[in-house]
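Working through the structure, step by step
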Amino acid sequence: MEGVSGFSGLTMTVLAYAAIWVILLVFVVRAFFMLSGIRRELDELKETLAEGMASHGSDAEKLPKS
Amino acid sequence: MKSTSLHIILASLAAVVVCVALYLVFFVAPTEATLGIVQKIFYFHVASAMNMSLAFGVCAIAGAVYLLAKSNKWRKRADALGVATAEAGVMLGAMVMVTGPLWAKVAWGTYWTWEPRLTLSLMVFLLFVAYLALRAYAGSDAFGRSIAAGLAILGLPGLYFIRVAVERWGGAHPQVIYKGGLSHPAMRQAFFASIAAMLLVSASLVVLRFLIERRRQTLDELFLEADKIFG
Amino acid sequence: MGRQYLAILGKDLLVEFRTREILLTMALFSMLLVIIFAFAFLSDPTKAKDYGPGIIWVTVLFSATIGQNRLFDRERENGCLWGLLLSSVDAGTIFLAKATAQFIFTLLMELPTILLIILFFDLPLVQPMEFIASLLLGTVALSLVGTLFSAMLMNARMKEVLLPLVTYPLLVPVVIAGVKVTSVAVGAPVNEDAWMWLKFLLGFDMIFAVATWFLFGRMIRA
């Protein structure tokens, strides 16, 4: 156990903590991609609703507010 | 939105505690005599492992609530909590699975051994990878969700055995906490700070993913509503 | 409850012994696996005791999965499972009957397969009782977990891939325990307590019998 050089231990420690940060970053970036995906879908929904309201005329008040 | 601002406070608190923990680990705690600097992996490795078990445990409870709850409202909440904790747990598991071998290469001379705690941890990790795969591929319908919930519940015995594996079946895994290691008070301080840091990070990520999932559920409901009105 | 259980089980066995679909596919698949393993590992016959137990359990696990994939095919094609669930039969009874059928099919598949492995690899069964006990207990665990997820994934896309993905992590402890007991049973030079692993298998079976029986009813209603 003691025979292992200190250099290797330092490399491993740096690698380990770098890996933790990378994994964390991947999770957060993925979460924000999800959020922007939801925003995009919400815009699509709004468009669909607007089209629908235009073709259906006056019953726009009955729609649920998004 | 109130929950969003609460979440920002939680995330900033997590960031501060992470900085404090890293400072304590690298600049205050003494370097361990026999292992050298590689022992510093231990602090965040164990903290991630503990939080992984916690996340999977909460996921199993959420699964039970999902399967038992009568009201649709609670089922949806439990489902969102389930997917949030499973993803956070898999993320923490990935951290454990990467940092562990890097430490072991120096301490044991090999990246991986088929030792009880390692084997069981890998098994539970893969179980929750399967949970996410089920939700992704078995269709997002109620069926896929309930299978995933059942799977999470069946993971509970595994979680228990990870905890007792070293005592029951032996193995090379160090038992620092229960055997009264960490003699130096600064080491203990750094260890508890790491646990607190990972707990706050996991909690804020779970909340983030939970809020995203809730929004997605609301969006899906709105789409259904729009379909009903316009056909 | 007992009569309903026997009726479902009897129906499954009758249909299977008339068509032999599940049994034949499982048995043929396991024979092929054994032959492939024989080619892959038989370079050094003196080491047969080391990898023989592993080959037995991998073959059993893979072949059982083949059967599990087909287990609910007839129920799906005719909408039979929904009919059963809509009738007054308790979901737990349906589950137990299907799991028993799967247990019997797997045992029937194991019999020729293991004889073949013992012949090919020249494994001496010095402790046959322990081996048979591990096989029975292990097959119970395979059948319980396999039947639960086979039923759940009945209508899923990609169920052939998803079923092993879901069940194997749960079944890893069973395979480990089975291999340990089998190593002792064939007299491999290992330092293992066969009795401890048999007790572990028994405990696993009891926990999973209750858990899967309970979960089946909850999950299928969702």
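Residues numbered from 1 in each chain as written. Chains lettered and ligands numbered in written order. Predicted model: local features only at pLDDT ≥ 70, side-chain atom pairs only at ≥ 80, totals over all residues. Heavy atoms only, no water.

Things to note about the overall build of chain C
Secondary structure assignment for chain C yields 9 helices and 0 strands. Sequence-ordered secondary structure for chain C, helices as α and strands as β, is α-α-α-α-α-α-α-α-α. Over its C-alpha atoms chain C spans a radius of gyration of 18 Å, differing by no more than 12% from the 17 Å that the globule rule assigns to 222 residues. A principal-axis box enclosing the C-alpha atoms of chain C has dimensions of 55 × 35 × 30 Å. Across the 222 residues in chain C, those meeting the buried criterion constitute 50%. A sequence separation of at least 24 residues applies to 84% of the contacts in chain C between residues at least 6 apart. With an accessible surface of roughly 10,000 Å², chain C has 71% of that area assigned to carbon and sulfur atoms. (Helix = DSSP H or I, 4+ residues; strand = E, 2+ residues; numbered from the N terminus. Rg over C-alpha atoms; globule rule 2.2 N^0.38 Å. Buried < 20%, exposed > 50% of the residue type's maximum accessible area, 1.4 Å probe, protein only. Contact = heavy atoms within 4.5 Å. Areas by Shrake-Rupley, 256 points an atom, 1.4 Å probe, with all protein chains shown as cover.)

Quick word on the environment of Met 34 of chain A
Tracing the sequence through the fold places Met 34 of chain A in helix α1 (residues 6–56). Contact partners of Met 34 of chain A, with chain neighbours within four places excluded, come to Glu 87, Arg 209, Ile 212 and Arg 216 of chain B.

Focus: the pattern of salt bridges
Residues and elements named next belong to chain C. Evaluation of the coordinates by the stated rule reveals 17 salt bridges over all chains. Between Arg 70 and Asp 73 there is a salt bridge, and its shortest N-O distance comes to 2.7 Å. Here Lys 159 and Asp 73 are joined by a salt bridge, their closest N and O atoms 3.1 Å apart. Here Asp 73 lies in helix α4 (residues 73–77) and Lys 159 lies in helix α8 (residues 159–185), a separation of 86 residues in the sequence. Under the relative-accessibility criterion, Lys 159 is labelled buried at 8%. Under the relative-accessibility criterion, Asp 73 is labelled buried at 12%. (Salt bridge = Lys/Arg side-chain N within 4 Å of Asp/Glu carboxyl O.)

A short note on the packing of helix α7 (residues 128–152) of chain C against α8 of chain C
Residue and element names in this part refer to chain C. Running from N to C, α7 and α8 point in directions that differ by 175°, and their axes come no closer than 9 Å. Between α7 and α8, the angle falls in the class roughly antiparallel. Contacts between α7 and α8 involve Glu 130, Phe 131, Ser 134, Gly 138, Ala 141, Leu 142, Val 145, Gly 146, Phe 149 and Ser 150 from the former and Leu 163, Val 166, Thr 167, Leu 170, Leu 171, Val 174, Val 181, Thr 182 and Ala 185 from the latter. Considered class by class, the residues forming the contact of α7 with α8 number 12 nonpolar, 6 polar and 1 charged. (Axes fitted to C-alpha atoms, helices over the stretch in contact; angles between N-to-C directions. Parallel < 35°, antiparallel > 145°, perpendicular 65-115°, else oblique. Nonpolar A, V, L, I, M, F, W, Y, C, P; charged D, E, K, R; others polar.)

A look at the interface of chain B and chain C
Taken residue by residue, the interface counts 23 residues in chain B and 28 residues in chain C. Summed over both partners, the interface of chain B with chain C buries about 2,200 Å², with 83% contributed by carbon and sulfur atoms. When the buried surface of chain B facing chain C is broken down by residue, Tyr 137, Phe 143 and Leu 154 of chain B rank first, second and third, together holding 28% of it. Our count for the chain B to chain C interface comes out at 0 salt bridges. Those elements that provide at least two residues to the side of chain B that touches chain C are α2 (41–68), α4 (116–137), α5 (142–154) and α6 (156–169) of chain B. When its residues are assigned to classes, the side of chain B that touches chain C shows 19 nonpolar, 3 polar and 1 charged. (Buried area = accessible area lost by both parts, 1.4 Å probe.)

Remarks on the arrangement of the chains
With 2 pairs of chains in contact, the largest contact count belongs to chains A and B. In this assembly chain A lies apart from chain C, the nearest approach of their C-alpha atoms being 23 Å.

Concerning the nonpolar core
Core analysis: the biggest nonpolar cluster contains 148 residues, and Tyr 43, Phe 44, Phe 128 and Leu 151 of chain B together with Phe 149 of chain C have the highest contact counts within it. A total of 15 residues in this core trace back to one element, the largest contributor, which is helix α7 (residues 185–230) of chain B. When residues no more than four places from it in sequence are discounted, the contact partners of Phe 149 of chain C are Ile 147, Leu 151 and Leu 154 of chain B together with Leu 163, Val 166, Thr 167, Leu 170 and Met 219 of chain C. (Core = buried A, V, L, I, M, F, W, Y, C linked by side-chain atoms within 4.5 Å.)

Topic: a nonpolar patch on the surface
Nonpolar side chains collect at one region of the surface, where Tyr 23, Phe 26, Phe 27 and Val 28 of chain B lie side by side and expose about 420 Å² of accessible area between them. By relative accessible area, which is 34% here, Val 28 of chain B ends up partly exposed. (Patch = residues over 30% accessible without salt bridge, like charges linked within 9 Å, V, L, I, M, F, W, Y side chains within 5 Å.)

Considerations on helix α2 (residues 21–41) of chain C
Residue and element names in this part refer to chain C. In a regular helix each residue adds 1.5 Å, so 21 residues correspond to 30 Å; α2 covers 30 Å between its end C-alpha atoms and thus fits that length. Listed in full, the buried residues belonging to α2 are Ile 22, Leu 23, Met 26, Ala 27, Ser 30, Leu 33, Val 34, Phe 37 and Ala 38. In a view along the axis of α2, the buried residues occupy a sector of 135°, so they form one face of it. Residues of α2 that are exposed and angled more than 90 degrees away from the buried face: Leu 28, Leu 32, Ile 36, Phe 39 and Ala 40. Among the structural elements, α1 (2–19), α3 (48–71), α4 and α6 (91–121) are those in contact with the buried residues of α2. (Expected span 1.5 Å × (residues − 1). Arc of directions from axis to C-beta.)

Re the layout of surface pockets
Here the largest pocket defines a volume of roughly 1,100 Å³. Lining the largest pocket are 41 residues; nearest its centre among them are Thr 119 of chain B together with Val 172, Pro 173, Val 175 and Ile 176 of chain C. Of all the secondary structure elements, the ones that give two or more residues to the lining of the largest pocket are α4 and α6 of chain B together with α3, α8 and α9 (194–221) of chain C. Considering each element in turn, the lining of the largest pocket owes the most residues, 12 residues, to α8 of chain C. (1 Å grid on protein atoms, 1.4 Å probe; cavity = no way out; pocket = protein on both sides within 12 Å on 5 of 7 lines; lining within 4 Å. Points joined across faces, edges and corners; volume = space filled by probe spheres on them.)

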